[in-house]
Every structure is written in structure tokens, then in C-alpha cells.
Amino acid sequence: MLAAAYRHVCRHSNTHRALLKCFTVSGCARSLSSTRFDPTIREFVSRLAQKQPSFPVASKDVHVLSQPSEFYQNLLNIIRRARRRIFLSSLYIGFSETELVDALDDALRRNPDLHLYLNLDYNRSTRPGPTSPILALLPLLRNHEHRVHISLFRSPRLNGMTAKIIPPRFNEGWGTWHAKIYGSDDDVMISGANLNKAYFSNRQDRYLHFSAQPALADYCFSFLQTVSGFSYRVLANFATDEPVLHWEDTTTLPWQIQSKAERALSQFQMKHLLSSVSQPSSEEQANASDVLIFPVIQAGQFDVREEEHTLTMLFDHLASREHRIDQQPVMNLTSGYFGLSKQYQDLILKSNVACSITAASPKANGFYGSGGLSGLIPEGYTLLEQRFMRAVKAASRSSPSNVAGGHSVSLREWERDGWTYHAKGIWFSPSVDTPPVLTLFGSTNLNSRSANLDTELSFVMVTSSDSLRQKLQEEIQALHRWAVPWRGGERKVRCRTKAIVGLVGGML
């Protein structure tokens, strides 16, 4: 029956919402026991399992990393252990990352059956000049031509004459490939970090490593393969030692992939949702799996908005519950580029849950000190923060002490000398004194750009494991160590910055 339902939605559904509706009415309603999870989220978990694919995991196989150096060493280790496949997805790979490229080259040399798959952003990876990121990958193609598969996703939003007149770097404002997935064989790391020196040393992010998880690794690998179907393929011209960007789909133009991408992503999720439903599990497996992971795709330009739907469902669920005065739930939220979309801002301001937000200070913003217009970006985020805090005050949600409690919303800024801040995600705790039972992690910055322009893959993880909950609490505390009360209200924002934000605010 499940296979028939999948064939039915593939034949008759053209949109993501239609696919979900068709699945619901097909009678394939999904049963999943959520009784082992905290009462504050049980109903939400059950409802989410009817909408999104899920993967049960044992908490002993979930490793929460905290430092950029840990992330980098772990990345090198899973590359060196690879025997069948290495699959890496990032905005770009830095031109100077010779150690990383050498590790990939060495792994391919040692294992003749090993294949390497890279999914990167077209515009970011092909910036012109002698340090263009794509040039660093040519040795891999030259040495292992048939076992290296490089796909470059190009946002179709920028097209026609506009694409010709918008210069490199600025063209990335119309949307990028933003998913951060780092896997080999059956291991996978999910992060918000890119593959560049700063992200390995002094640019703070989040990093979760799932070891020995064939189903989750297969999902991530298949997701990247699906996106490769509407991406450019990189080939090498060995005569000139230059990259050749090849569009393989003869039926669809590169700037007209919207329908194809929406259909491919929707059918991909439906296939894995149905697979989640039909997978039998023994009582022993169910007891060992004290973690559930739900992948959510956000690709606003293709009208795939699973992240928005999931967070709306979460906030609606929390609003429907009555919370004891002595057990008020708390949501911690962070973003290195804090500029909530209108929908997310409304969810927070209308909620009955305290929310503690950590954003990057201007000095911790990755664009701090940049030349030209990009140097105004930190100031632009200050403007967005000022607008948000005015909305918080107007909604009577501000906290006098700027510490989340009751139903208040507080904002802090992260600043560490010599470091920048790139972490993003959400943690939900049943009360201020208890560790998280849910976290959202992945590539989304939870801002307008992530919602509408970039293509994102993030994950909701729920757990009943005391040890994993404590690790998530320690993750929050490590980030808060460098957080101070927000000082943006005291900062001046120049008129030209306000004008630019008015023109391109949705691209921040």
C-alpha cells in the first residue's frame, strides 16, 4: 500500500503541500511511540513524525563537538577511514585548504573503490582570480577523474540580463547552496561551518557527529545526489588545466529549474517519509534508540518550506499547553546573522515561552572590517536587531535584566577577541533548570535569507537520554560563556546603511 501511495503522489502531485496532503488522505497514517520523550514535546513528536522522515539513533552514537579544531580533526579522521564513499556539502572549499585536499587525494589513492562526491555553491566556488576555490579541486579531478564527482548548485533566481550585470560576489546575494553535510561511509557530521581555515580555527559554529548510522548517512548522501540532478557538473580540461562547467539536463535550462527542483525535493522527502513508516523495529531497537532525528528542507525559492512548517507546528504546540508557574519552558536561539524572518519573529513574540537569543556582535560578524559595501553588513545587522528589540518592547515581552525568564525575550551578543561567530540553531528546555529535550541544528541561520533565498538542510533532534541532554546543555553554556548583554541600542546606524538595508534587507 505504501509503494502504491508513493507512485500515486509522484504521478498526481506537483507541489510539496499537495504531496503531504495526498499522503495524509491515503490512509497511510504513521504510528510512532513518543511516550519515552518529555511530556512537553510528546504530541509534537507524534505530529512531526507524520510530516517528516525520521531516523532513530542511540545516544551513544551522537557526539556533540564544541571547538573548530575538533571539527577539523574529526573531518580529517572520517576522510582517512573512508572505504566506499566520501560526501561533502558546503558553500565552498577554501583555495588554501591544501591539507584537506591532500587528505582527500590520499584516501582516493589508498582505496581504488572509493568515490568522492562534492556539492558546492556555483557562484561562491567560481569567484574569478588565481585563488578561485574551484581551482584547488582540479588536482583531484586530474588524479582520479572517474571517481571524483563535483556538483555546483546555481540559484535560478538570478537570471537574464540581471545575471550578466551583477558582479561576482554580489551575485551570491540572490541565493546560494548552503547545506553543510560531511560524511564518509556510514558516518556523518552536520554543522553550519564551511570548509575554510577560519572555520577550523577561530570561527565558532556547531558540530554534531553521528557515527555508524547507515540509514542517516544514506539519507544525506541521497539528498546530495538529488540536488546534483539540477546542478552543474565540474569536469577538467586537461589540455588547459581549467575547469569545465557542464549542464547535463538537456530538457531544462539552468535558470528554469524551479519546477524540477520542487518536484525532486518533494518526492525525495515523501519517499523517505514512507520508508520511515514501513521500517519495522523490534522492542529492543526501540528501547536502544533514545534519539529521533527529523531532517527538514528549506528551499523557499522552490516553495519547499519544511523548516517554517516545523517551527510553526512547534510553537503552536507549545501555545496549546498550559505551563506550571514553577516550570516555565525556555527556548535558546542563536544565529551568527540574526535577522529573523517576519514569520519567525511573529512566532516568538506571540508565544508563551521565554526566549533567550544570542547573536554575533559587530566585531564577531564575519564581514567586520571588510572593504566596500560588505563592510556595512555588521551595521546592517545592528539595525535589524534594533528593529527586533523595538518589536519585543511593543509586545511587552522585554526583560528588565535582559535574562530570559517567565515569558520574556532577551538578546545577548557573542564576542571573543580574535574570533568570529557562525553558530546557529534552537534548543528547547522544559524549564529554566532542566537541560534541552529538543534541538534544531544544521545550515539555517533562521533569517529571511535562509527562509527565502538559500537552499538549506537542517535537523530536529529529540532525545530522552539524560547524558545527551546534558551535553546539549553544556553546548549552550559554552556558547553563552562569551555572550554579553546586547549593546546594539547604543550604536549609531548611518543613513546609507539604512538605505541599503531597505533595498536588500531580505538578502542579509
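Small disclaimer: the values here were computed from a predicted structure and weren't measured.

**With respect to the pairing of strand β4 (residues 115–121)**
Within β4, six of the seven residues are buried, which leaves it mostly tucked inside the rest of the structure. In terms of strand pairing, strand β3 (residues 85–89) meets β4 through five bridges, oriented parallel. Each residue of the ladder has a partner; that of Arg 85, found in β4, is His 115. Assessed by its sense of winding, the connection that carries the chain from β3 through helix α5 (residues 98–110) to β4 is right-handed. With six bridges connecting them, β4 and strand β5 (residues 148–153) associate as parallel partners. Looking at the pairing, Leu 116 lines up with Val 148 of β5.

**What to know about the pairing of strand β6 (residues 181–184)**
In β6, alternate side chains face the same way, and those of Ile 181 and Gly 183 on one face and Tyr 182 and Ser 184 on the other are all buried. Pairing analysis gives four bridges linking β6 to strand β7 (residues 187–191), with the strands arranged antiparallel. Across the sheet, the residue bridging to Ser 184 is Asp 187, located in β7.

**A few points about the nonpolar core**
Counting residues in hydrophobic clusters, the biggest one holds 89 residues, and the most contacted among them are Ile 181, Phe 210, Phe 223 and Met 461. The leading source of residues in this core is helix α10 (residues 214–228), at eight residues. Built from parts of two domains, this core gets at least three residues from each of domain 1 (66–255) and domain 2 (296–504). In this structure, Met 461 is in contact with Val 62, Leu 208, Phe 210, Val 291, Leu 292, Ile 293, Val 437, Leu 438, Thr 439, Phe 441, Leu 468 and Leu 472, ignoring residues within four places of it in sequence. Listed in part, the 41 residues of the second largest apolar core include Leu 318, Leu 340, Phe 388 and Leu 440.

**Section: the environment of Val 501**
Considering the arrangement of structural elements, one finds Val 501 in helix α18 (residues 495–504). In this structure the C-alpha to C-alpha distance between Val 501 and Tyr 381, which are 120 residues apart in sequence, comes to 8.9 Å. Leave out the neighbours within four places in its chain, and Val 501 touches Gly 380, Leu 383, Leu 384, Arg 387 and Leu 508.

**Considering the layout of surface pockets**
Space inside the largest pocket adds up to approximately 1200 Å³. Lining the largest pocket are 41 residues, with Arg 169, Glu 172, Phe 367, Ser 374 and Ile 377 positioned closest to its centre. Counting only elements with at least two residues in the lining of the largest pocket, the list comes to α9 (197–201), α15 (377–394) and α18. Per-element accounting of the lining of the largest pocket gives the leading share, five residues, to α18. Broken down by class, the residue content of the lining of the largest pocket amounts to 18 nonpolar, 16 polar and seven charged.

**Overview of the pattern of salt bridges**
The full count for this structure, using the stated rule, is 21 salt bridges. Among the ionic pairs, Arg 233 bridges to Glu 248, the shortest N-O distance being 3.3 Å. With Arg 233 in strand β10 (residues 232–237) and Glu 248 in the loop between β11 (242–246) and α11 (258–278), the pair connects residues that are 15 residues apart, well separated along the chain. Residue class for Glu 248 comes out partly exposed when judged on its relative accessible area of 45%. Linked by salt bridges that have partners in common, Arg 84, Arg 85, Asp 186 and Asp 218 make up one network.

**Quick notes on unusual backbone geometry**
For Arg 169, which is not glycine, the phi torsion reads 80 degrees and is therefore positive. Along the chain, Arg 169 falls in the loop between α8 (160–165) and β6. At Asp 303, a residue that is not glycine, the phi angle is positive and equals roughly 60 degrees. Considering the arrangement of structural elements, one finds Asp 303 in the loop between β12 (291–299) and β13 (304–305). For Asp 303, a relative accessible area of 27% translates into the label partly exposed.

**So, the side chain of Ser 374**
You can see Ser 374 is positioned in the loop between β15 (354–360) and α15. Residue class for Ser 374 comes out buried when judged on its relative accessible area of 11%. A polar contact of 3.0 Å, which involves the side chain of Ser 374, links it to the backbone oxygen of Gly 371. Beyond its immediate sequence surroundings of up to four residues, Ser 374 is in contact with Arg 169 and Phe 367.

**Concerning the environment of Gln 67**
As for its placement among the helices and strands, Gln 67 is situated in the loop between β2 (62–65) and α4 (68–81). Looking at Gln 67, the relative accessible area reads 30%, which means it is partly exposed. Remark: the alpha-carbon pair of Gln 67 and Arg 203, spanning 136 residues in sequence, is separated by 9.0 Å. Apart from residues no more than four positions distant in its own chain, Gln 67 is found in contact with Tyr 207, Arg 416 and Trp 419.

**Quick look at the UniProt feature "domain: PLD phosphodiesterase" (unreviewed entry) in the protein**
Within this structure's numbering, the places UniProt gives as "domain: PLD phosphodiesterase" (unreviewed entry) are residues 173–199 and 417–450. The distance separating the terminal C-alpha atoms of residues 173–199 is 21 Å; by composition the span is 11% helix and 33% strand. The distance separating the terminal C-alpha atoms of residues 417–450 is 28 Å; by composition the span is 9% helix and 38% strand.

Criteria and thresholds
- Residues numbered from 1 in each chain as written.
- Predicted model: local features only at pLDDT ≥ 70, side-chain atom pairs only at ≥ 80, totals over all residues.
- Heavy atoms only, no water.
- Buried < 20%, exposed > 50% of the residue type's maximum accessible area, 1.4 Å probe, protein only.
- Helix = DSSP H or I, 4+ residues; strand = E, 2+ residues; numbered from the N terminus.
- Pairing = 2+ DSSP bridges.
- Right-handed = clockwise from strand over helix to strand, strands pointing away.
- Core = buried A, V, L, I, M, F, W, Y, C linked by side-chain atoms within 4.5 Å.
- Domains from an automatic or database assignment.
- Contact = heavy atoms within 4.5 Å.
- 1 Å grid on protein atoms, 1.4 Å probe; cavity = no way out; pocket = protein on both sides within 12 Å on 5 of 7 lines; lining within 4 Å.
- Points joined across faces, edges and corners; volume = space filled by probe spheres on them.
- Nonpolar A, V, L, I, M, F, W, Y, C, P; charged D, E, K, R; others polar.
- Salt bridge = Lys/Arg side-chain N within 4 Å of Asp/Glu carboxyl O.
- Polar contact = N/O pair within 3.5 Å; in protein donor to acceptor, adjacent residues only side chain to side chain.
- UniProt positions renumbered as here; feature names shortened; annotations may be inferred.

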